[in-house]
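# Structure at a glance
Now for the letters of each chain:
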Amino acid sequence: MPGTAYQLEINPRLPERLSRLTELANNVWYSWDGPTRTLFSRLHRPLWLAVGHSPKAFLKRVDQQRLEDAAEDPVFLNSYQSVLSAYDTYHGQAPLSEHSERLAPGDLIAYFCAEFGFHESLPIYGGGLGILAGDHCKAASDLTLPFVGVGLLYRQGYFSQTIDIEGRQHALYADSDFDDLPITPVTGVNGVELRVTVDLPGRSVIAKVWQAQVGKVRLFLLDTDLVENSVADRNIAHQLYGGDRSTRIEQEIVLGVGGVRALNEMHLMPTVWHINEGHAAFLALERMRQLTLQGLDFAAALEAVAANTVFTTHTAVPAGHDHFSEDMIRRYFEGWCRDLKIDCDELVALGRGPDSPDFNMTALAVRGSRFHNGVSRIHGGVSSRICAGLWPQIDPEDNPVDYVTNGVHVPTFLADEWHELFDRRLGHGWIQRLGDEDCRRAIYAIPDYLFWSVHQSLKAQMLYLIRFRITQQHARNQGSEAHLDRMLKLADPGNPNVLTFGFARRFATYKRATLLFEDLNWLREIVSDPKRPVLFLFAGKAHPADQPGQDFLRRVAEIARLPEFEGHFLLVEGYDLQLARRLVSGVDVWLNNPVYPLEACGTSGMKAGMNGVLNASVLDGWWGEGYDGKNGWAIKPASAMVDEARRNQEEARTLYEILQDSVVPLYYNIGPAGYSPGWLAMAKHSVASILPRFNSTRMFGEYLAKFYQPAARQWPRFAQHNFSGARAVASWKAKVRAAWPKLALRRIDRPRRRIAFGENLRFEVAVNLNGMTSEDVVVELLFGRPGDGAQPQQAQSYRFKDEGLVAGGAEHLYALEFKPELCGRIEYHIRVYPCHELLTHRFEMGMMTWL
């Protein structure tokens, strides 16, 4: 039409009876409470779908008359009051004593991450890291623990995806309207919106602080899209993982530095700081800068900051860790060096790894923390080897890198139908009793027909969504209806009896979405039996810069178009949280084929397993702990000695054998009731074995016990009396570093080759401490069976005692007497390492000398 088109949005007024809908819409609690989401959906389902399930956006657009009618509808009001009752009960719960007792009054955990994934209505996440961070916050809320999250508020979250007829991915970005998000500006006591300033080269950037309420915890988000900033600076936090290297370092400075300053401005004083992946590691530099301005020297400030900092790495390959050039670090942090009263070389050294001149954010995070962990048992070992150069004289298995295996938030990812069934069969409050044997037995006791009915209902819902998405995708790609019918012949919600596999995740090459296509003739055998049909569903996004990952998407589309596989393979575009929730609860088998050991953890299989879906996965990440031989199928990794092609062939063969010999026959071994009793027995065991172990409550409890409680206790030991502990440790470490290169030890006694059982052994070594005292070191004997590695197997350790100076010299005599309790061949080693009562980990200095 001619003339100017003016935009106007008219927001409805909430009737007084429904006034608390605003409160519900502004608390992300709705992301794990189905009745709350249903409440909004009932008001106007088409609008609910149109706004992407966002309660806040919904309340801005819903018709006034619908609200008026709902306020007079006794059925709706009853549901509304029921939701409010659950909401108030949840938010009024006291902390669980078994967890809260680990923290002292006044303790506060601050959790920094570059992305948080709670729900599709708050699109500030890209993948597994964000979902895990969201589940971490939800678990803290469930446990009513003192916890805040800190992140960035992106105008554009991760991209939306479409896939064309050739399987080419197209990335679409859309700006979020912050007024539609469940966030509010943080204001000070004077009502003025909180802003913090972060210095960048030649300028200062202002960040506005927003708050999202996540159940009982708060998440603070920093936003640079402000008129006070230049166009370039407004774009710093514009797009999740967007821009060039300059944008990336500026995002990470705003997150780490701006996040610390925001907490300071709100007078929040964390006693535990958690860096979740290296993006936020600059928080350590900002905390150090503040301490040096209070009078601490650089070394003491580093010790104080590291004492109560936890660092979690989620990356299983060295190349995946963020790094920046030395010149870039000098340019961005030149002014900081003046505040820290150090030469820039010292600051650069904090991030330097052993194998690269670049500044590595993982190295900074490790040096700026004293608690470090990977996210599964296997990944903990991988991470200890990746970071081994930071403790050069320590064997990787002994260095300070620990692990906590990830878990998923059960209320979010366990389907509502399972919740309702478990409420009936396991009793209310079952979610707090997951570890009880009675609870496990009750899962096995669920009648098969009920268990199967729930699964089939979820499968039908999933297939409805698949058909809807594929139909839209097909129409946009100008496909014919006749061809659509052929494509969807097996995806029939009215007959959900086709064995259905799911593969949905980020399309990174190491996840090997195309492993299934290694031998198409064998695959054709598996899918071609009309009496035992098979359907494979694929979904996932490849990073726009990852061309090989996008090639994998095209390969899936290519296979799906082959006449012999038509209808057996569907590639669904637009992978998001809604589709993920449907898939992990609706398919029969969850596939996962990563290259071992590159899957740090992987949580999608946990979500599937607790929903009664069986896993068929490479024994990597969490499945290396979760698989017990009866709750799914395992693909044993090929030898590390074979090349990539041979590895893919061997592991694909194992996958085909599992599918052809076990999975398909078991599923279609249908009894008189219309389902396979053997399949249901395995599915129940999947739930009973995975649900109690791989949930976020267990995960958070381990973080509390292993890291948060020790870090909170370590802080006052370093900070009290004007940081006397931090100063003492820094001074002691400087002394040890200077003396260690010339420390020497030698054997004095004559080694015995053979003794009789029951005899005493005496060992004597002379140690030149080079100016250190005997209290500065431990001399230790490791005693055990001969092993394949550098140390004995199942070694026991025994400490030597200092018996004074060796006659006529400056060496100290260390002696050990004990009676061995083993017979047979024995191997033992003698070593010395630094020791101080304030060390967090006994090997944190990375120094050790072996005899």
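Above this text sits the structure in question.
Residues numbered from 1 in each chain as written. Predicted model: local features only at pLDDT ≥ 70, side-chain atom pairs only at ≥ 80, totals over all residues. Heavy atoms only, no water.

### Comments concerning the overall build of the chain
Applicable threshold: Starting at the N terminus, helices and strands are each numbered in turn, a helix being any DSSP run of H or I of at least four residues and a strand any DSSP run of E of at least two. Between the two quantities, the radius of gyration covers C-alpha atoms and the globule rule is 2.2 Å times the number of residues to the power 0.38. Exposure classes here rest on a 1.4 Å probe applied to the protein chains alone. A residue is buried below 20% of its type maximum, exposed above 50%, and partly exposed in between. Here a residue-residue contact requires only that any non-hydrogen atoms of the pair lie within 4.5 Å. When charges are counted, Lys and Arg are positive and Asp and Glu negative, with His and the chain ends excluded. The location of each charge is read from NZ of Lys, CZ of Arg, CG of Asp or CD of Glu.
Helix and strand counts for the chain come out as 29 helices and 29 strands. Taken over C-alpha atoms, the radius of gyration comes to 29 Å for the chain, in line with the 29 Å a tight globule of 851 residues would show. Along the first, second and third principal axes, the C-alpha set of the chain runs to 100 × 70 × 50 Å. For the chain, with 851 residues in total, the buried portion stands at 58%. Considering only contacts within the chain whose residues lie at least 6 apart along the sequence, 73% involve residues at least 24 apart. One way to put it: in the chain the 89 positive side-chain charges average out to a point 3 Å from where the 100 negative ones average out.

### What to know about the environment of glycine 624
Among the secondary structure elements, glycine 624 is positioned in helix 26 (residues 623-626). Leave out the neighbours within four places in its chain, and glycine 624 touches Arg377, Ile378 and Leu619.

### What about the sheet that holds strand 29 (residues 849-850)?
Note the following rule: Two strands pair if DSSP finds at least two bridges between them.
The strand order 25-24-28-29 describes an open sheet built from four strands, whose pairing is antiparallel. Single-partner strands in this sheet number two, and they are strand 25 (793-799) and strand 29. When strand 24 (residues 777-785) meets strand 25, the two strands line up antiparallel, connected through five bridges. Paired with leucine 782 across the two strands is serine 797, which belongs to strand 25.

### Comments concerning the pattern of salt bridges
Heads up, the rule is: Basic side-chain nitrogens of Lys or Arg form a salt bridge, by our definition, when they fall within 4 Å of a carboxyl oxygen of Asp or Glu.
If you walk through the whole model with that rule in mind, you get 56 salt bridges. For arginine 289, the salt bridge identified is with glutamate 286, shortest N-O distance 2.9 Å. Pair noted here: arginine 289 and glutamate 286 are both in helix 11 (residues 282-293), with a separation of three residues, about one helical turn. Using a relative accessible area of 0% as the deciding quantity, one classes glutamate 286 as buried. Residue arginine 476 pairs with glutamate 573 through a salt bridge whose shortest N-O separation is 2.7 Å. Of this pair, arginine 476 sits in helix 20 (residues 448-476) while glutamate 573 sits in the loop between strand 18 (569-572) and helix 24 (577-586), and the two are 97 residues apart along the sequence. Accessibility expressed as a relative area gives 9% for glutamate 573, which makes it buried.

### Looking at the side chain of arginine 37
The line we're drawing: The term polar contact refers here to a pair of N or O atoms within 3.5 Å; inside protein, the definition further demands a hydrogen-donor-capable atom paired with an acceptor-capable atom, and it admits residues adjacent in sequence only when both atoms are side-chain atoms.
Here arginine 37 lies in helix 2 (residues 34-43). This buried residue, arginine 37, is left without a salt bridge; aspartate 416 holds the nearest opposite charge, at 4.3 Å. A distance of 2.8 Å separates a polar side-chain atom of arginine 37 from the backbone oxygen of tyrosine 30. With residues up to four places along the chain from it excluded, the contact list for arginine 37 reads Tyr30, Ser31, Trp32, Trp48, His119 and Asp416.

### Observations concerning the nonpolar core
Spelled out, the test is: For the purposes of this section, nonpolar cores are sets of buried Ala, Val, Leu, Ile, Met, Phe, Trp, Tyr and Cys residues that join through side-chain atoms within 4.5 Å.
Counting residues in hydrophobic clusters, the biggest one holds 154 residues, and the most contacted among them are Phe112, Leu263, Phe282, Leu347, Phe700 and Tyr708. Looking at this core element by element, the count peaks at 15 residues for helix 29 (residues 696-739). Residues within four places of tyrosine 708 in sequence aside, it is in contact with Leu103, Ile109, Tyr111, His136, Val272, His274, Val310, Phe700 and Tyr703. Within the second largest apolar cluster, 109 residues are counted, among which are Phe451, Ile466, Leu499 and Val618.

### Things to note about unusual backbone geometry
The omega torsion across tyrosine 596 and proline 597 is 0 degrees, close enough to zero to call that bond cis. Of note, proline 597 is situated in the loop between strand 19 (589-592) and helix 25 (604-610). A positive phi angle, close to 55 degrees, is found at tyrosine 241, a residue other than glycine.

### A few points about the side chain of threonine 162
Note on placement: threonine 162 falls in strand 3 (residues 160-163). You can call threonine 162 buried: its relative accessible area is 17%. The contacts of threonine 162, once residues within four sequence positions are left out, are Arg168, Gln169, His170, Leu172, Arg476 and Glu573.

### Looking at the sheet that holds strand 11 (residues 323-324)
Ordered by their spatial adjacency, three strands build an open sheet running 11-13-12, and the pairing between neighbours is antiparallel. Of all the strands in the sheet, the pair left with one neighbour each is strand 11 and strand 12 (352-353). Relative to strand 13 (residues 356-360), strand 11 is paired through two bridges, and the arrangement is antiparallel. Its bridge partner being in strand 13, histidine 323 is matched across the sheet by asparagine 360.

### Some words on the packing of helix 18 (residues 416-426) against helix 20
Using the following cut-off: In this analysis, axes come from line fits to C-alpha atoms, helices being fitted only over the stretch in contact, and the angle between any two N-to-C directions falls in the range 0 to 180 degrees. Roughly parallel refers to an angle under 35 degrees, roughly antiparallel to one over 145, roughly perpendicular to one between 65 and 115, and oblique to any angle outside these ranges. Should the near helix be turned anticlockwise from the far one by less than a right angle, the crossing is left-handed, and should it be turned clockwise, the crossing is right-handed. Any residue that is not Ala, Val, Leu, Ile, Met, Phe, Trp, Tyr, Cys, Pro, Asp, Glu, Lys or Arg is counted as polar, Gly included; the first ten are nonpolar and the last four charged.
Orientation of helix 18 relative to helix 20, taken along the N-to-C sense of each, is 165 degrees, at an axis distance of 10 Å. Overall, the two elements helix 18 and helix 20 adopt an arrangement that is roughly antiparallel. Helix 20 is crossed by helix 18, and the crossing has right-handed handedness. In this structure, helix 18 uses Glu417, Trp418, Leu421, Arg424 and Arg425 to contact helix 20, whose residues at the interface are Leu450, Phe451, Val454, His455, Leu458 and Gln461. Each residue belonging to the contact of helix 18 with helix 20 can be placed in one class, and the counts come to six nonpolar, two polar and three charged.

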